[in-house]
Amino acid sequence: MRAVGWTALVVAALLAPQASAAETSPQAVLDRFAETIGYRLEVVDNRPICPPGIDACFLSTITLTIPENLPDALPTDGLSLYFSFVNPLPLVESHIFTHRLVNGDVQQLTLKPGVELRPGAKYQVKLWGVGANFSKAFAMPNAYLVADGLEPRTIAATRAIIDPETGLERLPFVGPMTDEAKLATKSDADKTRWLTAERAFALQAERQAPAASGIAILPKPVKAMQGKGAAVDLRQGVALTLSGVERGVVAPALAALDVAGNGLLPLTVRIDAAAVTKPEGYVLDVKASGIAITAHDAAGASHALRSLAQQAAFENGRMKPLWVEDAPEYRFRGLHIDLGRNFHGRDQILKLIEAMAAYKLNKLHLHLADDEGWRIEIPALPELAEIGSKRCHDPTEQTCLLPQLGAGPDGAGGVNGYLTAADYVAIVQAAAARQIEVIPSIDMPGHSRAAIRAMEVRHARLLAAGKAEEAEAFRLIDPADTTEYRSIQHYNDNTLNVCLPATYRFVDTVVDALADMHRQAGAPLHTFHLGADETAGAWVKSPACQAMIAENGGDGGKLTPRFIERVASGLAAKGLRTGGWSDGMGHTDPAKMPQNVQTNIWGVLHTGAIREAHDQLNRGWDVVLSIPDLGYFDMPYAPHPDESGYHWASRGVDDYQVFGFMPGNLPANAATIRSTHAEGKAIADTPVVQPGRRIAGIQAQLWSEVTRTDAQVDYMLFPRLLALAERAWSPAPWTPVYHAGASYEWNDARVKSLKLKAGWQDFAGRVAAQLPMLDRMGVAYRVAPPGARIVGGKLEANSVFPGTVTEYRIGGGDWTRYGGPVAVSGAAELRSRSADGKRASRTVLVEPGH
């Protein structure tokens with residue numbers, strides 16, 4: 001087999017002897033080569049012996065397989081392979097390539113001079129990363145080839161596909177991860193084990209729940225009783241009477257009830273704040289003679305109708321008499337969606353708003369911008385959306401951002417895009433109609449690369465037009481700044497310069513535009529979330545910052561809190577509340593901050609959450625628990641290489657852990673939640689909470705680095721969002737009373753484990769009753785794979801939620817519905833199905849003797 005040069009190899013890719021000129025053009029040859037080259041990514045070892053100078057390494061490999069039968073061809077120049085790798089990559093070992101970090105996670109491999117490749121040969125590239133890849137989710141799609149003068153082309157083998165059984169994205173170029181000893185942990189100190197089918201069976205056997213048989217309302221009402229007497233038949237419709245509330249205010253909740261509005265059964269909805277004293281509270285009285293709802297406010301009336309709709313659906317429209325008295329435990333019950341990293345559009349958000357309303361969540365936190373994308377139209381600054389919303393191969397970044405997170409070279413695909421002003425107005429209107437407040441978030445001063453690059457394009461455009469003063473008006477960097485830094489996501493240019501007047505002009509312009517959109521929607525803006533987290537340490541060599549650094553004792557690190565304080569004061573002057581993430585907010589001077597502040601606590605339970613939460617509670621701020629162990633739904637459901645999600649904060653956040661969380665006593669959670677190394681250990685209660693302080697509420701977060709499709713959004717959120725909704729609305733009766741300074745051991749008896757188990761079993765039954773409603777909403781919730789074992793030649797299986805259909809097959813045969821223990825002679829594959837039967841879980845394998 002002869003050797004050919006890399007460029008000749010590419011240009012000659014599988015040409016036919018009689019090929020036309022078009023077929024032999026350099027572009028056509030590059031296209032064909034990209035379609036036929038083999039590409040394989042494998043995680044080899046998460047705990048190898050590291051090369052000198054690299055600590056905490058792991059090893060992955062890329063294997064390229066060159067197509068066979070390649071004739072000679074004309075050479076091309078400048079050919080490189082680009083791919084995304086999200087961990088630090090200090091060493092790439094290859095006989096044929098040199099490596100360069102472009103920025104962020106974008107990596108470039110360039111062929112070494114004089115290297116000749118052989119058709120049919122395999123070439124391995126060793127990637128020595130820092131950290132670990134515990135799941136396939138870290139792999140990024142859409143590696144691509146670039147050559148001078150030609151359009152870049154995605155390597156076909158690296159494209160994602162949609163699994164027709166699960167409806168989820170799959171990356172076929174990623175090798176299987178099967179060696180638990182090498183891949184599950186970084187060291188012997190980490191006690192994490194993969195949740196195999198056999199281990200899941202044992203875990204689920206301890207938590208088995210019966211199907212709901214009485215009240216199926218979720219979240220669980222404070223008080224609810226079913227009575228005796230004649231059934232209440234809603235199937236023929238209701239006769240609606242409203243008092244103190246307009247029909248339009250409760251229209252979405254009425255639509256969810258899904259009954260005719262011209263029937264005979266009286267349905268009275270009355271607002272009476274004196275009769276129902278708690279905000280958002282309601283009393284629901286369902287009798288054969290009619291249904292009466294008394295509520296504190298419009299939100300309470302809507303909640304009552306949602307509870308009625310759930311129970312009516314569960315009882316097929318013919319209900320037993322029912323009495324409910326209900327109000328929320330916490331006033332802030334939130335969902336955060338990251339649109340910045342990968343875009344998710346208006347229709348997906350509108351679907352989520354309806355689901356939020358169904359389960360009584362009332363705050364939608366939209367993360368509209370980050371390093372990887374700007375997702376909201378700001379009419380005065382069109383480049384933000386035009387440039388900042390798209391990722392493609394343009395090294396100059398004059399037309400788009402670099403293709404971070406495997407976006408690919410062509411700017412196409414669902415990860416790109418933005419909300420128009422009209423889209424955003426529609427979202428705010430839909431949310432307001434369901435008594436949900438939209439909280440827009442523009443992360444700053446860090447996490448701002450999309451804005452910076454877009455404003456550099458604006459600057460260049462205006463400068464070229466001779467408008468130098470206008471060009472500088474929104475420039476967010478000091479071109480004379482020589483500071484060198486890398487952010488946590490490996491950017492060297494992602495931080496606004498907080499010393500420039502243009503930066504504050506930019507903030508005002510964006511906030512004013514968002515406020516105007518809220519006014520158009522008829523729902524005034526109340527809170528603006530400025531992020532304020534993970535600032536990388538820029539500016540120290542910026543001439544523009546020297547005076548401000550001197551004013552702060554020569555400490556450039558103090559500029560971030562000064563920025564937060566200034567922006568917060570500006571927002572207060574506009575009548576707006578400031579929100580931010582706890583790490584940035586915690587470094588501010590409380591005396592220089594407005595009193596009305598929202599802080600999202602995102603420290604990990606065992607490493608900082610209590611310190612941050614209690615300190616900021618004691619400042620008198622509104623504390624919202626966004627603790628990853630409770631609510632980071634970009635973490636995997638379980639420790640397993642086939643489960644999607646990052647793992648820096650938790651190897652598994654399952655429905656049970658979210659349900660069992662105790663927001664009212666953070667140290668007590670050490671009794672039920674292990675550390676990131678799966679160790680049970682106490683957490684110090686430092687500082688203690690001052691008397692009279694109480695959290696405002698809790699929030700779920702979905703960061704989207706590895707969530708590229710709307711179906712994956714649904715999978716990561718549901719059903720564990722139902723558990724968070726329950727914890728936000730309903731008390732957790734297993735929680736011990738908070739005592740300042742008390743700490744708790746793993747399995748501490750002061751946490752009432754029997755109440756927790758009984759509560760879970762009741763909740764799991766109600767979740768099973770809700771799944772058909774999620775199906776009807778179009779929510780593609782996670783279908784958990786079954787637990788299974790083979791004992792004595794018999795296959796046994798169980799599930800997370802009661803009533804889940806399980807299927808099995810032997811030797812790749814037909815799928816058979818599981819109905820109970822069945823004799824098998826060897827290994828078996830199993831999967832679960834969604835309530836409507838349309839989707840399957842991932843398939844699991846169980847073998848005898850495991």
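Please refer to the structure placed before this passage.
Residues numbered from 1 in each chain as written. Predicted model: local features only at pLDDT ≥ 70, side-chain atom pairs only at ≥ 80, totals over all residues. Heavy atoms only, no water.

Asks: I tried to follow unusual backbone geometry on my own but got confused; where do I start?
Replies: Peptide bonds are mostly trans, and most non-glycine residues show a negative phi. Of note, the bond from Leu218 into Pro219 is cis; its omega dihedral lies within 30 degrees of zero at 5 degrees. As for its position among the elements, Pro219 is in the loop between α4 (197-207) and β14 (223-226). For the peptide bond that leads from Thr686 to Pro687, omega is -5 degrees, which places it in the cis range. Position of Pro687 among the secondary structure elements: in the loop between α18 (655-660) and β30 (697-702). Its identity as a non-glycine residue notwithstanding, Glu280 has a phi of 70 degrees, on the positive side. Note on placement: Glu280 falls in the loop between β17 (265-271) and β18 (282-287). Residue Glu280 is classed as buried on the basis of its relative accessible area, which comes to 11%. Notably, Asn316 is not glycine yet its phi reads approximately 55 degrees, a positive angle. Along the chain, Asn316 falls in the loop between α6 (298-314) and β20 (318-319). Looking at Asn316, the relative accessible area reads 63%, which means it is exposed. (Helix = DSSP H or I, 4+ residues; strand = E, 2+ residues; numbered from the N terminus. Buried < 20%, exposed > 50% of the residue type's maximum accessible area, 1.4 Å probe, protein only.)

Asks: It is not clear to me how the packing of aromatic side chains should be interpreted in this structure. Could you clarify?
Replies: Pairs of aromatic rings are described using the distance from one ring centre to the other and the angle between the two planes. Scanning the model with the defined rule gives 17 aromatic pairs in all. With 4.8 Å between their ring centres and 25 degrees between their planes, Phe659 and Phe763 make a pair best called stacked. One end of the pair, Phe659, is in helix α18; the other, Phe763, is in helix α21 (residues 753-777), with 104 residues separating them in the sequence. With relative accessibility at 1%, the residue Phe763 sits in the buried group. The side chain of Arg750 reaches across the aromatic face of Tyr744, ending 4.1 Å from its centre. (Phe/Tyr/Trp six-rings, centres within 6.5 Å; stacked < 30°, edge-to-face > 60°. Lys NZ or Arg CZ within 6 Å of the ring centre and 35° of its normal.)

Asks: For this particular structure, what's the right way to read the sheet that holds strand β16 (residues 238-243)?
Replies: In a beta sheet, neighbouring strands pair by backbone hydrogen bonds and run either parallel or antiparallel. Here we have six strands laid out as an open sheet, ordered β14-β21-β18-β19-β17-β16, and mixed in their pairing. Two strands close off the open sheet at either side, each with one partner strand: β14 and β16. Sheet twist, expressed as the mean angle between neighbouring strand axes with direction ignored, is 5 degrees. Judged from the five bridges that link them, β18 and strand β21 (residues 322-326) form a sheet pairing that is antiparallel. By the bridge assignment, Asp285 is partnered in β21 with Trp323. Where helix α5 (residues 247-257) meets the sheet, its contacts fall on β16 and β17, and the angle it forms with β16 comes to roughly 150 degrees. (Pairing = 2+ DSSP bridges. Axes fitted to C-alpha atoms, helices over the stretch in contact; angles between N-to-C directions. Contact = heavy atoms within 4.5 Å.)

Asks: So what exactly am I meant to see when it comes to the state of the cysteines here?
Replies: Two cysteines joined by a covalent bond between their sulfur atoms form a disulfide. Counting across every chain of the model gives three disulfides. Paired by a disulfide, Cys50 and Cys57 hold their sulfur atoms 2.2 Å apart. Given an S-S torsion of about -105 degrees, the disulfide between Cys50 and Cys57 has left-handed geometry. The disulfide partner of Cys392 is Cys400, and the S-S distance across this bridge is 1.8 Å. (Disulfide = S-S within 2.5 Å.)

Asks: In this structure, what is going on with the pairing of strand β33 (residues 805-809)? I would like to understand it.
Replies: Strand residues, when the strand is regular, have side chains that alternate between the two faces of the sheet. When β33 meets strand β36 (residues 828-833), the two strands line up antiparallel, connected through five bridges. From the neighbouring strand, Thr806 faces β36, where its bridge partner is Ser832. Where β33 and strand β34 (residues 816-817) come together, two bridges link them in antiparallel fashion. Residue Tyr808 lies in a different strand from β34, and its bridge partner there is Thr816. Connecting the antiparallel pair β33 and β34 is a turn made up of six residues, with Gly811 showing a positive phi of about 60 degrees.

Asks: Please clarify how the packing of helix α7 (residues 346-358) against helix α19 (residues 710-717) should be interpreted in this entry.
Replies: Helix-helix packing is characterised by the crossing angle of the two axes and by the distance between the axes. In the contact formed by α7 and α19, the axes pass within 11 Å of each other and the chain directions differ by 25 degrees. With respect to their mutual orientation, α7 and α19 come out roughly parallel. Relative to α19, the crossing made by α7 is right-handed. Across from Gln348, Lys351 and Leu352 in α7, the residues of α19 making contact are Asp710, Val713, Asp714 and Leu717. Of the residues in the contact of α7 with α19, the class split is three nonpolar, one polar and three charged. (Parallel < 35°, antiparallel > 145°, perpendicular 65-115°, else oblique. Left-handed = near helix turned anticlockwise from the far one by under 90°. Nonpolar A, V, L, I, M, F, W, Y, C, P; charged D, E, K, R; others polar.)

The quantities given are spatial measurements derived from coordinates; they are silent on function.
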